[in-house]
Structures are given as C-alpha cells and as structure tokens.
Amino acid sequence: MTVPMLKIGAVLSTMAMVTNWMSQTLPSLVGLNGTVISSEGTHERIISGLYPDSEEGWQVYSTASDPDGRCVCTVVAPARNLCKRDPRNRQLRLLTEQVQNVSQSLEVVDLRTSRDLQYVRDSEPLLKGVDGRLHTYVANPRTLTTKGLQELKGQMSQLWPLLSVVDQYRLDLQTLATLRSELLNLSIILTAIQEEIGAYDYEELQQRVLLLETRLHSCMNKLGCGRLTSVSNPITVKASGSRFGSWMTDAMIPSSDSRVWSMDGYYKGRRVLEYRTMGDFTKGQNFVQHLLPHPWAGTGHVVYNGSLYYNKHQSNILVQYHFRSRSVLLQRSLSGAGYNNTFPYSWGGSSDIDLMADETGLWAVYTSIPNAGNIMVSRLDPRSLEILQSWDTGFPKRSAGESFMICGTLYVTNSHLAGAKVHFAYHTNTSTYEYTDIPFHNQYSHISMMDYNPRERALYTWNNGHQVLYNVTLFHVIRSDG
C-alpha cells in the first residue's frame, strides 16, 4: 500500500511544480506578466497577446527624382504581414505550439493519475483485508483452511488490476522526465530571445511598432493621388460561391472597420454574408447574415461608411442599406440609366449600373440611350444619392470587361476573359482620356467584379468562383505645401 501511494504523491508533486513553473515563468519571459490569464483558453489568449492581428500591414515606399528634380514616390500596397518574416516570430510560434503540447500532455497525465488514485483508494480496504489474513496465516499456518485459501485467492484476483496501475505509473514517470527536459529547453530558448530583444519588453515593442505605423500612414496621407502604372500578380484569398458575385471591405477613408462582405450571384439575390475579419472570411467562420428587403441586380455593389449601396433588381433605383440598423436608409432613381441588361459590361449579368468608391468619394458607372451606350461616370452624394457631377467618357460600355475608380480616374479593362488588360483611362479632374496598356493576369478566366479599395490600395475581384486580390502600383507626386 505504501509504495503505490508514494509514487502517486511523487507524480502529483512533480505535476504541481511543472504547472506552477509554467504559470509564473512563461508569462514573465514573453512579457505577459501584467496580463491576467484564466485557465480556460490560456493558449488562445497567449497567442492573441504575442501576435497582433495578422491583417495589419505596412505600405512599402520607394523614392526617386524626376528630370525637374522634384521628389516622386512609387507606392506598392498593401504589403501585408507586419512581422511574419522576422525569425523571432517563427520561434515564438513554435514555442507556443510546444507549450500547448506540453500542457496537453500534463492534462492527460493529471486525469489518468486522478483516476488511478481513486481506484487505489477504493482498493485500500481490500488490501488491508488481504494483508491481515496473510499476517494471520504466517503467524499460525494451522488456521489456513481450504475455504480460507479460496477466499484469499478471490481477494488477490481482485487486486490484479493494480499491477497495470503500477506499470502506468512507471510510464508516467518517464513521460514527466521527458516533459521536464522539454520545459528546460523552452526556458533556455525563451531566455535567449529575451536577451536578443534587449531592454524592451513586448508591450514596449508593440507601442513602438504602432507609433511607426501611425507615422507611416501620416506619410501616406501627404502623398497626392496617384496614377495607375501596374497591377501585381493575383492573390487568391478564397474559392467559394458561384461563377458570379462580389465581395468587399468598407471603402471609406478613414475607417477601422475590418469586416468583409460577400454577395453570391448577380440575379435577384438578397443574402449578404458579413464576416468579422478577413481571416474569418478565408476560414468561413464568424459571420452573420443580412437579408435585404429588395433584391439586387448585377455585381456592382459597394460598402461605404457602414452602408451597402446597390442597384435594385429590374430598375435603375439605387438603394442604401445600413448594416448596423439592418434597414434601408435611402432609395433614389439614377435618372436615365439603363438596367436589366440594356447596357451591361461584356460579360452581361445585369451589370448595367456599377457603384464604386475611391479616395474622392462615391461613384456610379452606367450608360443611357441619349449618350449612345457610352460609359457615363457620375459622382454621388452618399447622404442623398443625388448626382453631383457627370462625365461622358465616350467609351462603349459593352466593349468593357469591368471598370474601377482610382483617385478620380476611371480605368476600364478591355475584356473579362483571359488576356485582359487595363485599356482605357478617363480623368475626371481634366475631362480627358487616354488609352493605356496595363496587363494583369486573369488567372481564372472570367472576372465578374473588379473594384478598387482606397483603404487597402488593392483591387478586389470575383473571378469564376474565386475571390482574388491585386496589389496596384501608383505613381505619386509628393505635395510640397507645408
């Protein structure tokens, strides 16, 4: 009886020391000693403390001088994943995974030891009974009868499972020795990382990074609006939905809204899926559903300042739907605009009216019979949906694959199929146009939505059931005022 109980005590004592070491030493080594962490969800909270949101990113800038000596700047955006290329980041991730594995192993040993300890306690009266009988028979062998021997054998057979318990204790002791070695290695590595980081703990480093990001965005705000010079290779975010659809984030500047919206299909759709973050969108988790009171037409929708602006089915009426209140705030007819596949893009799909936003505000791209099917661009008041100003670009809408606005310039692609390129640009600030030759890789060969997001400095596209991003390169001239 004494030996098993001693082994159980050793196991529990070792586990208590290990758990205490993890709860006290790990947080202080990684700079989380000021954070209160409950036992439930410990791993997830440490992860969220160690790593900022994966969607945070830097904008990358390079500078040069033009022939007149003016400073110019090329912007490639967005360059995501703030610190993921830092080798210490990878080390911390691996260490966190190891800590999780050790914690899980300790939990398994703890549960098994508690179960076996209870079994030993339940067997204690039987052990004492056998021990008493054996002492009696040793002291006076004549008292051993056939019946007594049978009873003793029966009691001994009930104690046989204790052998497997003792064997498991031996294995658990080996497991604890291995875990102790792993924890020592973790301690050495974490100490080395702490020495490498130097005097700054994690909170200080995070504040310095946030300060640098603020200065970087301030620098970006000093840049004048740029002209599109190139489009990057595609970045496939997700494959979901049907062949046609649209997806977007809020295009309002400034905004801290990280939600993502998805609208599958182009004909009489009403269901809008709202995801909390881009990460949730890629994983298909943490979303809510909005059921629009009026169905939509086409894929030319835009989210601007917390509201969805879209074309009402079988009409030229524009609708403003507010996500927070789940209500329609405004409806207004886009006077004279064609609808119901009268003047769509080359791919069809009721894409007569295309709503979009850029650095300068909210826009509508459409056409009408009086202007012979050429693309009209109108700047809209987002509060009333009234037209503030319109331009006739002279470009036939049925010859356009898709279009998007950047800094008040409408860019038009020549096709929605493979081999497409940005073929035409209309500058609303000067009411002039030019033909361009900016190729991009149409990876899935059928684009049914292409919109620029000024917050992300990226093109969002829906390409044959794939949600795809393109980074853009803009030519900027730095404002010299101030």
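The rules we used
- Residues numbered from 1 in each chain as written.
- Predicted model: local features only at pLDDT ≥ 70, side-chain atom pairs only at ≥ 80, totals over all residues.
- Heavy atoms only, no water.
- Helix = DSSP H or I, 4+ residues; strand = E, 2+ residues; numbered from the N terminus.
- Buried < 20%, exposed > 50% of the residue type's maximum accessible area, 1.4 Å probe, protein only.
- Contact = heavy atoms within 4.5 Å.
- Areas by Shrake-Rupley, 256 points an atom, 1.4 Å probe, with all protein chains shown as cover.
- Core = buried A, V, L, I, M, F, W, Y, C linked by side-chain atoms within 4.5 Å.
- Pairing = 2+ DSSP bridges.
- Axes fitted to C-alpha atoms, helices over the stretch in contact; angles between N-to-C directions.
- Salt bridge = Lys/Arg side-chain N within 4 Å of Asp/Glu carboxyl O.

A.B. asks: Honestly, the overall build of the protein chain in this entry has me stumped. Any pointers?
C.D. replies: A tally of helices and strands in the protein chain yields seven helices and 23 strands. Here the protein chain, with 482 residues, has 45% of them falling under the buried criterion. Summarising the internal contacts of the protein chain: among those between residues at least 6 apart in sequence, 57% fall at separations of at least 24. For the protein chain, the accessible surface area stands at approximately 24600 Å², while carbon and sulfur atoms represent 53% of it.

A.B. asks: Quick question: what am I supposed to make of the nonpolar core here?
C.D. replies: Considering soluble globular proteins, one finds that nonpolar side chains tend to be buried as a cluster. Formed by 19 residues in total, the largest nonpolar core has its most connected members in L228, F404, I406, F440 and L459. Those elements giving two or more residues to this core turn out to be β3 (227–231), β17 (403–406), β19 (421–427), β21 (447–453) and β23 (466–477). Residue contributions to this core peak at four residues, all from β23. Ignoring anything within four residues of it in the chain, the contact list for I406 reads G226, L228, D358, E359, Y411, Y452 and L474. Counting 17 residues, the second-largest nonpolar core is a separate cluster that includes L318, I353, A364 and L385.

A.B. asks: I would appreciate a short explanation of the sheet that holds strand β16 (residues 387–396) in the present structure.
C.D. replies: Within a sheet, each strand pairs with its neighbour through backbone hydrogen bonds, oriented either parallel or antiparallel. Spatially, β13-β14-β15-β16 is the arrangement adopted by the four strands of the open sheet, whose pairing is antiparallel. Where the open sheet ends on each side, the last strands, each with one partner, are β13 (354–358) and β16. Ignoring strand direction, the axes of neighbouring strands in this sheet form an average angle of 25°. In the sheet, strand β15 (residues 374–380) pairs with β16 via six bridges, with the strands oriented antiparallel.

A.B. asks: Would you explain the sheet that holds strand β11 (residues 317–322) in this entry?
C.D. replies: Read across the open sheet, the four strands follow the order β9-β10-β11-β12; overall the sheet is antiparallel. Looking at the sheet topology across the chains shown, the edges are occupied by β9 (302–304) and β12 (327–333). Across the sheet, the axes of successive neighbouring strands diverge by a mean angle of 25°, strand direction being ignored. Pairing geometry for β11 and β12, over six bridges, is antiparallel. For Q320, the partnering residue across the bridge sits in β12 and is L330.

A.B. asks: I tried to follow the pattern of salt bridges on my own but got confused; where do I start?
C.D. replies: Opposite charge on two side chains permits pairing when their charged atoms draw close. As enumerated under the stated definition, the model contains eight salt bridges in all. The salt bridge partner of R227 is E434, with a shortest N-O separation of 3.6 Å. Of this pair, R227 sits in strand β3 while E434 sits in strand β20 (residues 432–439); the two residues are 207 residues apart in sequence, bridging distant segments of the chain. E434 sits in the partly exposed class, given a relative accessible area of 28%. One salt bridge connects E274 with R259, and the closest N-O pair in it is separated by 3.4 Å. You can see E274 sitting in strand β7 (residues 267–275) and its partner R259 sitting in the loop between β5 (245–249) and β6 (260–264), a full 15 residues away along the chain. A relative accessible area of 8% places R259 in the buried class. A single salt-bridge network, built from bridges that share partners, covers D257, R259 and E274.

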